[in-house]
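Below, each chain spelled out in residue letters.
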Amino acid sequence: VNACVDVVLSGVKLLQALGLSPGNGKDHSELHSRNDLEEAFVHFMGKGAAAERFFSDKETFHDIAQVASEFP
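For clarity, every value in this text was computed on a predicted model and none was experimentally measured.

Colleague: For this particular structure, what's the right way to read helix H3 (residues 58-69)?
Modeller: Residues that lie three or four places apart on an α-helix share one face, since the helix turns once every 3.6 residues. In this model, H3 (twelve residues) spans 16 Å end to end at C-alpha, consistent with the 16 Å of a helix rising 1.5 Å per residue. Packing partners of the buried residues in H3 comprise helix H1 (11-17), helix H2 (34-45) and strand S2 (54-55). Its side-chain oxygen 3.1 Å from the backbone nitrogen of Glu-59, Asp-57 forms the N-cap of H3.

See the structure below:
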């Protein structure tokens, strides 16, 4: 059994809620921090493309997911 639960929200609003502000974009094959998330978001959204990346830091991922789940 495989279950996937998506949270759909504004990426910009999520970055703001995390205290991040767009800077330079950079592709990361794997995310390790909030800064990596911000860089990957800017990199891909600047190109009008979506991307999925593995988040290696379990605690940081959980914190980000918690903030995202609080959006209406």
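Colleague: Can you walk me through the pattern of salt bridges in this structure?
Modeller: Pairing between side chains becomes possible if they bear opposite charge and their charged atoms approach one another. This structure, assessed with the given rule, holds one salt bridge. Between Arg-53 and Asp-27 there is a salt bridge whose closest N-O contact spans 3.0 Å. Of this pair, Arg-53 sits in the loop between H2 and S2 while Asp-27 sits in the loop between H1 and strand S1 (30-31), and the two are 26 residues apart along the sequence. Using a relative accessible area of 32% as the deciding quantity, one classes Arg-53 as partly exposed. For Asp-27, a relative accessible area of 39% puts it in the partly exposed group.

Colleague: When you look at the packing of aromatic side chains in this model, what are you seeing that I'm missing?
Modeller: For any pair of aromatic rings, the description consists of the separation of the ring centres together with the inter-plane angle of the planes. Within this structure, the stated rule accounts for one aromatic pair. Ring geometry for Phe-55 versus Phe-61: centroids 6.1 Å apart, planes at 45°, classification tilted. Its relative accessible area of 11% is what places Phe-55 among the buried residues.

Colleague: How do you make sense of the nonpolar core when you look at a structure like this?
Modeller: For soluble globular proteins, the rule of thumb is that nonpolar side chains tend to be buried together. Formed by Leu-14, Leu-15, Leu-18, Leu-20, Leu-31, Leu-37, Ala-40, Phe-55, Ile-64 and Ala-68, the largest nonpolar core amounts to ten residues. When residues of this core are traced back to their parent elements, those giving at least two are H1, H2 and H3. When residues no more than four places from it in sequence are discounted, the contact partners of Ile-64 are Leu-14, Leu-18, Arg-34, Leu-37 and Phe-55.

Parameters at a glance
- Residues numbered from 1 in each chain as written.
- Predicted model: local features only at pLDDT ≥ 70, side-chain atom pairs only at ≥ 80, totals over all residues.
- Heavy atoms only, no water.
- Helix = DSSP H or I, 4+ residues; strand = E, 2+ residues; numbered from the N terminus.
- Expected span 1.5 Å × (residues − 1).
- Contact = heavy atoms within 4.5 Å.
- Polar contact = N/O pair within 3.5 Å; in protein donor to acceptor, adjacent residues only side chain to side chain.
- Salt bridge = Lys/Arg side-chain N within 4 Å of Asp/Glu carboxyl O.
- Buried < 20%, exposed > 50% of the residue type's maximum accessible area, 1.4 Å probe, protein only.
- Phe/Tyr/Trp six-rings, centres within 6.5 Å; stacked < 30°, edge-to-face > 60°.
- Core = buried A, V, L, I, M, F, W, Y, C linked by side-chain atoms within 4.5 Å.

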